[in-house]
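Secondary and tertiary structure notes
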Amino acid sequence: MPQTVRPPMPSTPGPLNWMALAAFALSVLGTLVPPAALGGVVCGHLARRQIRQRHESGDSWALAGLILGYLLILLSLAGLLLFGGFVATMFAITAFF
């Protein structure tokens, strides 16, 4: 059975990509300030591309920032829809009285 030849992996990881760390920090900040989660998502995507191109470390930070950022955006949108539904229901109920 022929074996495939793989290029050698670098023995030491490259320097830390600081945008990946910023993506995680912005996503965590998004728990208090929801628009910051959007910045975490943008920085996370940019950081992952830079990490692949420059062979840097920090992909796990970027991925965690992306997951947390998307989750917070989804929860914020669900909260807005839920709040809008409550407001619409209250106006509909008060219209009958």
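Now for a look at the structure at hand. (Residues numbered from 1 in each chain as written. Predicted model: local features only at pLDDT ≥ 70, side-chain atom pairs only at ≥ 80, totals over all residues. Heavy atoms only, no water.)

**Re helix 2 (residues 35-54)**
Put simply, the test is: Where helices and strands are cited, they refer to DSSP runs of H or I of at least four residues and of E of at least two residues respectively, numbered from the N terminus. The length a helix should cover is 1.5 Å for every residue beyond the first. Working definition: with a 1.4 Å probe on protein chains only, accessible area under 20% of the residue-type maximum means buried, over 50% means exposed, and in between means partly exposed.
Across its 20 residues, helix 2 extends 29 Å between first and last C-alpha, which sits within 8% of the 28 Å expected from 1.5 Å per residue. Those residues of helix 2 that fall on the buried side of the exposure criterion are Ala36, Ala37, Gly40, Val41, Cys43, Gly44, Ala47, Gln50 and Ile51. Trailing helix 2 by a residue or two, His55 shows a phi angle of about 55°, which is positive.

**Observations concerning unusual backbone geometry**
Trans is the prevailing form of peptide bonds, just as negative phi is the prevailing case for residues other than glycine. Backbone geometry places His55, a non-glycine residue, at a positive phi of 55°. Mapping His55 onto the fold places it in the loop between helix 2 and helix 3 (59-95).

**Focus: the packing of aromatic side chains**
Aromatic ring pairs: the centre-centre distance and the angle between the two ring planes describe each pair. Here is the rule we go by: When two rings of Phe, Tyr or Trp (its six-membered ring) have centres within 6.5 Å they constitute a pair, described as stacked for plane angles under 30 degrees, edge-to-face for angles over 60, and tilted for the intermediate range.
Taken as a whole and assessed by the stated rule, the structure comprises one aromatic pair. Ring centres of Phe24 and Trp61 lie 5.1 Å apart, and the angle between their planes is 70°; this geometry places the pair in the edge-to-face category. With a gap of 37 residues between them, Phe24 in helix 1 (residues 18-29) and Trp61 in helix 3 connect regions that are remote in the sequence. Of the residues examined, Trp61 reaches a relative accessible area of 37% and is grouped as partly exposed.

**A few points about the side chain of Asn17**
Cut-off, in case you're wondering: Whenever two N or O atoms come within 3.5 Å, that pair is a polar contact, provided that in protein one can donate a hydrogen and the other can accept it, and provided that, for residues adjacent in sequence, both atoms are side-chain atoms. Should any heavy atoms of two residues lie within 4.5 Å, those residues are considered in contact.
Tracing the backbone through its elements, the reader meets Asn17 in the segment before helix 1. At 2.9 Å, the side chain of Asn17 and the backbone nitrogen of Met19 are in polar contact. Within polar-contact distance, the side chain of Asn17 engages the side chain of Glu56 at 2.7 Å. With near-sequence residues (within four places) excluded, Asn17 lies in contact with Ala47, Gln50, Ile51, Glu56 and Ser57.

**Notes on the pattern of salt bridges**
Convention followed: For this analysis, a salt bridge means a side-chain nitrogen from Lys or Arg found within 4 Å of a carboxyl oxygen belonging to Asp or Glu.
Scanning the entire structure with this criterion turns up two salt bridges. Among the ionic pairs, Arg48 bridges to Asp59, the shortest N-O distance being 2.8 Å. With Arg48 in helix 2 and Asp59 in helix 3, this residue pair connects regions lying eleven residues apart in the sequence. Here Arg54 makes a salt bridge to Glu56, at a shortest N to O gap of 3.9 Å.

**Observations concerning the environment of Val5**
In this structure, Val5 sits in the segment before helix 1. On the basis of relative accessibility, which here comes to 80%, the residue Val5 falls in the exposed class. Separated by 24 residues in the primary sequence, Val5 and Leu29 place their C-alpha atoms 44 Å from one another.

**Quick notes on helix 1**
An α-helical segment advances 3.6 residues per turn. Residues three or four places apart therefore align on the same side. Just so we agree on the cut-off: Here, the arc refers to the directions that run from the helix axis to the C-beta atoms.
The first and last C-alpha atoms of helix 1 sit 16 Å apart over twelve residues, in line with the 16 Å expected at 1.5 Å per residue. Buried within helix 1 we find Ala20, Ala23 and Ser27. Buried residues in helix 1, looked at end-on, bunch into an arc of 55°, giving them a common side. Residue Asn17 occupies the N-cap position of helix 1, its side-chain oxygen lying 2.9 Å from the main-chain nitrogen of Met19.

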